[in-house]
Amino acid sequence: MSIRAEALSFGYNGRPVIEDIELEFHGDRIYAILGPNGAGKTTLLKCLCGLLRPDQGRVTVDGEDLSSLTRMEAARRICYVPQRFSATHTTVFDTVLIGRRPHMGWGPSRSDLELTRDALGAVGMESLSMRYVDEISGGELQRALIARAMVQGARTMVLDEPTSSLDLVNQHRTVRLLAEAVRSRGVCTVMTMHDINLAASCSDELVFMKDGRIAARGPPAIITSELIADVYGIEVDVIDHGGLPRALPAHTGPRAGTDQRRSV
Amino acid sequence: MMADEDRADELTAYLHHVSVRTALLSAMLAAMALLMIYFTTVGPYQISFWDSLRAILDNDGSTEATIIWNLRLPRVVAAVLVGAAMGVAGAIMQCVLRNPLASPFTLGVSNAAAFGAAVGILLLEGGIVLGQSVTTILITNPYVVTGSAFLMALVAIGTIVLLVRVTRISPEAIVLTGVAISSVFGAGLAALQYFSNESALANIVHWQFGDLGKINWDQNLILLAVLAAAALFFFLKRWDFNAMDAGDEMASGLGVNTDMLRIASLVMASLLTAVAVSFVGVIGFIGLLAPHVIRRLIGNDHRFLIPGSMLLGSLILLVSDTVGRNVGDMLNWFFASGLPSFVIPVGIITSFIGGPLFIYILVRGYRNVDQG
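Since this is a predicted model, take the numbers as computed values, not measurements.

(A) Seen up close, the pattern of salt bridges. All names here are of chain A. The full count for this structure, using the stated rule, is 23 salt bridges over all chains. Note that E205 is salt-bridged to R29, the shortest N-O span being 3.7 Å. Here E205 is found in strand 9 (residues 205–210), whereas its partner R29 is found in the loop between strand 2 (15–26) and strand 3 (30–34), with 176 residues between them in sequence. Residue classification places R29 among the partly exposed residues on the basis of a relative accessible area of 30%. For D118, the salt bridge goes to R117, with nearest N and O atoms at 3.3 Å.

This is the structure:
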């Protein structure tokens, strides 16, 4: 299982947003795409799953050009979880079940229902399955969306900032669920993130973007204060924490020099 | 073993959830069938329920059968078809425009269709105006009239879609745009009235309020054919509508061609509106009320929302029309007064019920959001 971006460029109204992106993602691994706001992360994700047609270059899935697939065929291979989700008066079970849409004929089969039940069990939401999604918390909703992504059965999951609106507990719970999905199902997971430290702790590989281009890519060990200064334009201290790099903001702001740890 | 039983219970709970909704829709269908028969008994000429049922099943040429088949049943069937058309058109517009305030009436599509139908009747020779009374416009060529109404309905919905795509205006602004569209087509209708003769003018005014009294079997058949085609299309796309509820990006990620679905659905909803308005005039609020009440009862799942909105739309219009055509007798019975019998066009009744109820739904909805 591999998904590959070849010389990918895309722009809105003639203004380039991503330029000349060359990337390859493989199964069984988690990739985090990082970078400041406006770096082109979401645009890259949308090109990767076929929601945006690139101006130049192409995306291939297992060697097959994504643009040659119908939308339904693409949905069977790549699952996209957007950052924004409108929670309507629909049950959690139905919200997850709709993930089977690319495989449904007239309606859901018994096996679609069983897959939905199993996915709800995998994310620990059995007891909430008959609740309405406009009545559950943000963390629970994110877990439901991961369950939906699981039932879609695609070998690649593309998630846009799956942890951005969650508290600490739910951030870690979400990345743990994704890691479990990768391990148990061998799916390739590509997600955009803002939290560098969380990305370093849950990803096999990091991709840093700046001004629509790839600034750096590699294992978490590539995080250095020079790289962060180059990509984000801020000073950070990078320390080693249990074998993983941790980026801590350097002495800035009104509390500088009093208690560095609180400003982290 | 215990875990397996628990998981089986979740599936059972879901299947129960589905069967409860199916049962509710079946009950509504049964209630509608009974009311259809019962309302054919209501009127100046008294007919019992069983005689009505017998006459419906066997049109034997008796007085009862003649009254039912020529006068009452076309009207009752029209109430069911128009109510279903308006209900489902509202539900679909609300989904694809992601706007809870959308409906054929609030977006100005109904008024646009009314203008188009008037153009078809008065300028394109699709109908004739009979005598000097206030009730007789005869549609001689329903295809010209509905075609003209459909064209104008497409202009209205096309304007809305263009504004949504180009300016990304808010749901409230879309409804304000609908008010503007209604005004423009209302002005067009007023201009037609201004240049028409007196009887045509009176007819257009009367027809703007919506009245099921003038419909005939041929028109009912056209309405049935369009409704059946549209309902089948909407029902086939029910899972795509469910996916669209979560947003365009989510739906696209699930393989739904959102742009095509939106345009096809709005064209279908406009066609339904155009045909209904051409034959019975503008009947407001059904397209708002029915989907909102059904959503509160059984949720947003379009598997149930589509048939539910159709059934409730039919029930509302069926009851409203029967109340409207017997309002004089009902007042006399209630107040023991000696008023002469009179009828009120059903469009006025639905606006009287729909306006305040919709404000109530809105206020309740916003309060829930605030508390949530």
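There is more to say, and it comes next.
(B) Representation of the confidence of the model for chain B. All names here are of chain B. Per-residue pLDDT for chain B has a mean of 84; in total, 85% of the residues score no lower than 70. Mean pLDDT across the secondary structure elements of chain B bottoms out at strand 1 (residues 127–129), with 61, and peaks at helix 8 (residues 217–236), with 95. Taken as a whole, residues 366–372 scores under 50 in pLDDT and shows two contacts with residues more than four places along the chain or in a different chain.

(C) Structural context of a nonpolar patch on the surface. On the surface, W106(A), L232(B) and L236(B) cluster together into a nonpolar patch covering about 360 Å² of accessible area. Structurally, the position occupied by W106(A) is in the loop between helix 3 (92–97) and helix 4 (110–122).

(D) View of the sheet that holds strand 10 (residues 213–218) of chain A. Residue and element names in this part refer to chain A. Strand order in the open sheet formed by six strands is 6-7-8-3-9-10, and the pairing between neighbours is mixed. Only two strands of the sheet have a single neighbouring strand rather than two, namely strand 6 (78–81) and strand 10. Strand-to-strand, the axes of this sheet are offset by a mean angle of 15°, without reference to chain direction. Where strand 3 and strand 9 come together, four bridges link them in parallel fashion. Paired with L34 across the bridge in strand 9 is F208.

(E) Quick look at the interface of chain B and chain A. Every contact between the two is made by 34 residues of chain B and, on the other side, 37 residues of chain A. Taking both partners together, chain B and chain A bury about 3,100 Å²; carbon and sulfur atoms supply 61% of that area. Linking chain B to chain A there are three salt bridges. Linking R101(A) and D240(B) is a salt bridge whose minimum nitrogen-to-oxygen distance equals 2.4 Å. Where chain B meets chain A, there are eight residue pairs in polar contact (both at pLDDT 80 or more). Broken down by secondary-structure element, the contributors of at least two residues to the side of chain B that touches chain A are helix 1 (2–39), helix 8, helix 9 (238–245), helix 10 (248–253) and helix 12 (286–298) of chain B. Residue contributions to the side of chain B that touches chain A peak at nine residues, all from helix 1 of chain B. Considered class by class, the residues forming the side of chain B that touches chain A number 14 nonpolar, nine polar and 11 charged.

(F) Focus on the environment of T273(B). Residues and elements named next belong to chain B. Residue position: T273 is located in helix 11 (residues 258–280). Overall, the relative accessible area of 0% leaves T273 in the buried class. It is 9.7 Å that separates the C-alpha atoms of T273 and A112, two residues lying 161 residues apart in sequence. Excluding its chain neighbours within four sequence positions, the residues that come into contact with T273 are M86, A89, P104, V109, S110 and A113.

(G) Spotlight on the packing of helix 3 (residues 63–96) of chain B against helix 8 of chain B. All names here are of chain B. Put simply, helix 3 and helix 8 touch, their axes get as near as 10 Å, and they point 25° apart. By the angle between their directions, the pair helix 3 and helix 8 is classed as roughly parallel. As helix 3 packs across helix 8, the resulting crossing turns out to be left-handed. Contacts between helix 3 and helix 8 involve W69, L73, P74, V77, A78, L81, V82, A84, A85, V88 and I92 from the first element and W217, N220, L223, L224, L227 and F234 from the second.

(H) The state of the cysteines, seen in detail. Within this structure, the stated rule accounts for zero disulfides over all chains. No disulfide involves C49(A); its nearest neighbouring cysteine sulfur is the one of C47(A), lying 8.6 Å away.

(I) Examining the side chain of T43(A) more closely. Structurally, the position occupied by T43(A) is in helix 1 (residues 41–48). Residues within four places of T43(A) in sequence aside, it is in contact with F10(A), Y12(A), V17(A), I18(A) and L52(A).

(J) Main features of the packing of helix 2 (residues 49–57) of chain B against helix 3 of chain B. All names here are of chain B. With their axes 9 Å apart at the nearest point, helix 2 and helix 3 run at an angle of 80° to one another. With respect to each other, helix 2 and helix 3 are oriented roughly perpendicular. Between helix 2, through S52, A55 and I56, and helix 3, the contact on the second element is made entirely by E64, A65, I68, W69 and L73. Tallied by class, residues from the contact of helix 2 with helix 3 come to six nonpolar, one polar and one charged.

(K) Focus on the sheet that holds strand 1 (residues 2–12) of chain A. Taken in spatial order, the four strands make up an open sheet running 2-1-4-5 (chain A), and their pairing is antiparallel. Every interior strand has two partners, whereas the edge strands, strand 2 and strand 5 (64–65) of chain A, have only one.

(L) Geometry of the pairing of strand 6 of chain A. Residues and elements named next belong to chain A. Burial along strand 6 is two-sided: the face carrying I78 and Y80 and the face carrying C79 and V81 are both buried. Direction of pairing for strand 6 relative to strand 7 (residues 156–160): parallel, over a ladder of four bridges. Counted as the bridge partner of V81 is L159 from strand 7.

(M) Geometry of unusual backbone geometry. All names here are of chain A. With a phi close to 50°, D20 is a non-glycine residue in the positive phi region. Structurally, D20 is set in strand 2. Residue D20 is classed as partly exposed on the basis of its relative accessible area, which comes to 47%. Positive phi, normally seen in glycine, also occurs at D28, with a value near 70°. Mapped onto the fold, D28 is located in the loop between strand 2 and strand 3. Classification of D28 by relative accessible area gives partly exposed; the value is 49%.

Criteria and cut-off values
- Residues numbered from 1 in each chain as written.
- Chains lettered and ligands numbered in written order.
- Predicted model: local features only at pLDDT ≥ 70, side-chain atom pairs only at ≥ 80, totals over all residues.
- Heavy atoms only, no water.
- Salt bridge = Lys/Arg side-chain N within 4 Å of Asp/Glu carboxyl O.
- Helix = DSSP H or I, 4+ residues; strand = E, 2+ residues; numbered from the N terminus.
- Buried < 20%, exposed > 50% of the residue type's maximum accessible area, 1.4 Å probe, protein only.
- pLDDT = per-residue confidence, 0-100.
- Contact = heavy atoms within 4.5 Å.
- Patch = residues over 30% accessible without salt bridge, like charges linked within 9 Å, V, L, I, M, F, W, Y side chains within 5 Å.
- Areas by Shrake-Rupley, 256 points an atom, 1.4 Å probe, with all protein chains shown as cover.
- Pairing = 2+ DSSP bridges.
- Axes fitted to C-alpha atoms, helices over the stretch in contact; angles between N-to-C directions.
- Buried area = accessible area lost by both parts, 1.4 Å probe.
- Polar contact = N/O pair within 3.5 Å; in protein donor to acceptor, adjacent residues only side chain to side chain.
- Nonpolar A, V, L, I, M, F, W, Y, C, P; charged D, E, K, R; others polar.
- Parallel < 35°, antiparallel > 145°, perpendicular 65-115°, else oblique.
- Left-handed = near helix turned anticlockwise from the far one by under 90°.
- Disulfide = S-S within 2.5 Å.

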